[in-house]
Amino acid sequence: MSKSTLAIIAAASAGAGAAITATMYSLRSQSERKLETTISTTTTTVSTSPSAVSAPIPIPAKQIFTNPNQQAGQSGLSTSAPAALALAPVDPAGLFEYGFPGPVADVATRQALISSFDRRLRNPHWVVEHITPASLAMRDGDRKHSVFLEDDKVPEKFRAKLKDYFRSGYDRGHQVPAADAKWSQTAMDETFFLTNMCPQVGEGFNRDYWAHFEDFCRGLTLRYPSVRIVTGPLYLPKRDPTDNKWYVRYEVIGNPPNVAVPTHFYKVIFAEDGKVGGNVAIGAFVLPNAPIPNEKPLADFEVPVEAVERASGLEFATKLPPQRRKRLCADTTCALVIKEYADRQKAFAKPSTPAATAVIVKRQ
């Protein structure tokens, strides 16, 4: 898929990205009906308690549709949204007495990552990590002690389950790789929650090109003292040659079918120069969830950040001034180092195995 095609796809699917944060509206009806709700925010979910009354939640004025009879001029944040409906004969907000429908993003804060989980597709919206030369130099974690885990912080009916992946033909693909969390066994263990996983093609992608891409990200710490990465799935449309129309089609695994298989994955990389208020080299990449030849240059998958934003419904750098931004692939070489072994099975078993041959794949 070419970059121009991706840009078209991204523009066409601006609304396809899953919502990230649930917005709660605390409203009262004309009959002084009171909504007794407490929003208790944890690192993973939003819960309600019928026994406590919360303060009205500020609602941006642009999200309040005012009655034509109301005087203009209201601006800023409103903590009294019902005023906009004072003359209306109905009260739609009364439904919230029975519960807020959502969507809800289950946000989990863990040692090595922060994730936002999409309950509908049973995949993360995004997972954020931070790596440094010091964090990668530590070796206190070993993945042989880690096991894949269902995340009990997500309600059971919305959870991705281990059995969903069983005999599915897909890998449980880390979004934040375990190798980035070797500085702590606990941190590494937490990368094995299914809220950090998506179904990924194994041979040729998760175990190959994608793994080399993760190595590339770690290698950036040789040049940049601080590297922040956000990773997640995409569900992009594809043109059907039979009718020339665009369709979003993806497989769903599990029994019953629960977990969506993404068509693509993105990484947005923020490579910081380590100075307060310093420059940040940003690189955005979109890769298909399919086997990719190791000879394929990484730069072929570079896209504008805006293309990922349109395709995902997310925003990544709204607070970063343009004067501090640099393009990653202009500031450093965006190339993979491919490790080729004569015998992949023996390479890790015998110290006498010949050293790996590093092949740098560059764009011509």
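Calculation notes
- Residues numbered from 1 in each chain as written.
- Predicted model: local features only at pLDDT ≥ 70, side-chain atom pairs only at ≥ 80, totals over all residues.
- Heavy atoms only, no water.
- Buried < 20%, exposed > 50% of the residue type's maximum accessible area, 1.4 Å probe, protein only.
- Helix = DSSP H or I, 4+ residues; strand = E, 2+ residues; numbered from the N terminus.
- Phe/Tyr/Trp six-rings, centres within 6.5 Å; stacked < 30°, edge-to-face > 60°.
- Pairing = 2+ DSSP bridges.
- Contact = heavy atoms within 4.5 Å.
- Salt bridge = Lys/Arg side-chain N within 4 Å of Asp/Glu carboxyl O.
- Core = buried A, V, L, I, M, F, W, Y, C linked by side-chain atoms within 4.5 Å.

*Asks:* Provide a residue-level description of helix H6 (residues 209–219), including the pertinent values.
*Replies:* For H6, the tally of buried residues reaches eight of eleven residues, placing the bulk of the element in the interior. Along H6, the residues that are buried comprise Tyr209, Trp210, His212, Phe213, Glu214, Phe216, Cys217 and Arg218.

*Asks:* An account of the packing of aromatic side chains is requested, with residue identities and associated values reported.
*Replies:* Under the defined criterion, the tally for this structure stands at twelve aromatic pairs. Centroid distance Tyr209 to Phe301: 5.7 Å. Interplanar angle 75°. Geometry classified as edge-to-face. Of this pair, Tyr209 sits in helix H6 while Phe301 sits in the loop between strand S16 (280–288) and strand S17 (302–303), placing them 92 residues apart in sequence. On the basis of relative accessibility, which here comes to 0%, the residue Tyr209 falls in the buried class. Judged by its relative accessible area of 10%, Phe301 is buried.

*Asks:* Lay out the pairing of S16 in plain terms, naming residues and giving numbers.
*Replies:* Most of S16 sits out of view: eight of its nine residues are buried. In this sheet, S16 lies alongside strand S15 (residues 264–272) in antiparallel orientation, the contact comprising nine bridges. Its bridge partner lying in S16, Phe270 is registered against Ile282. Sheet topology note: the S16/strand S18 (residues 325–327) ladder contains three bridges and is parallel. Looking across to S18, one finds that Val280 is bridged to Arg325.

*Asks:* Would you mind going over the side chain of Thr221 in detail, with residue names and values included?
*Replies:* Checked against the element boundaries, Thr221 lands in the loop between H6 and strand S10 (226–234). Judged by relative accessible area, Thr221 falls into the buried class, the value being 9%. Here Thr221 is in contact with Ile131, Thr132, Pro133, Leu136 and Val227, once residues within four sequence places are set aside.

*Asks:* I'd like to hear about the pattern of salt bridges, residue by residue, with values.
*Replies:* What the rule picks out here adds up to 13 salt bridges. Here Asp331 and Arg223 are joined by a salt bridge, their closest N and O atoms 3.6 Å apart. With Asp331 in helix H8 (residues 328–331) and Arg223 in the loop between H6 and S10, this pair connects stretches of sequence that are 108 residues apart. With a closest N to O distance of 3.4 Å, Asp300 and Lys296 form a salt bridge.

*Asks:* If you had to explain the nonpolar core to someone new, which residues and values would you point to?
*Replies:* The nonpolar side chains of soluble globular proteins are, as a tendency, buried together. Counting residues in hydrophobic clusters, the biggest one holds 28 residues, and the most contacted among them are Phe213, Phe216, Ile269, Phe285, Leu287 and Leu328. Of all the secondary-structure elements, those providing two or more residues to this core are H6, S10, S15, S16, H8 and strand S19 (336–340). The element contributing the most residues to this core is H6, with five residues. When near neighbours in sequence (up to four residues on either side) are disregarded, Leu328 contacts Phe216, Leu220, Tyr224, Ile269, Ala271, Ala281, Ile282, Gly283, Phe285 and Cys334. Tyr266, Val303, Val308 and Ala317 belong to the second-largest nonpolar core, a separate cluster that totals 20 residues.

*Asks:* I'd like a description of unusual backbone geometry, backed by residues and values.
*Replies:* The peptide bond linking Gly102 to Pro103 adopts the cis configuration, its omega dihedral lying at 5°. Mapping Pro103 onto the fold places it in the loop between strand S4 (77–78) and strand S5 (105–109). The amide bond that connects Asn255 to the next residue, Pro256, takes the cis arrangement and shows omega of 5°. In this structure, Arg167 takes a positive phi of about 55° despite not being glycine. Note that Arg167 resides in the loop between helix H3 (162–165) and strand S8 (171–174). Arg167 sits in the exposed class, given a relative accessible area of 76%. A positive phi angle, near 65°, is found at Asn244, a position not held by glycine. Residue placement: Asn244 occurs in the loop between strand S11 (238–240) and strand S12 (245–247).

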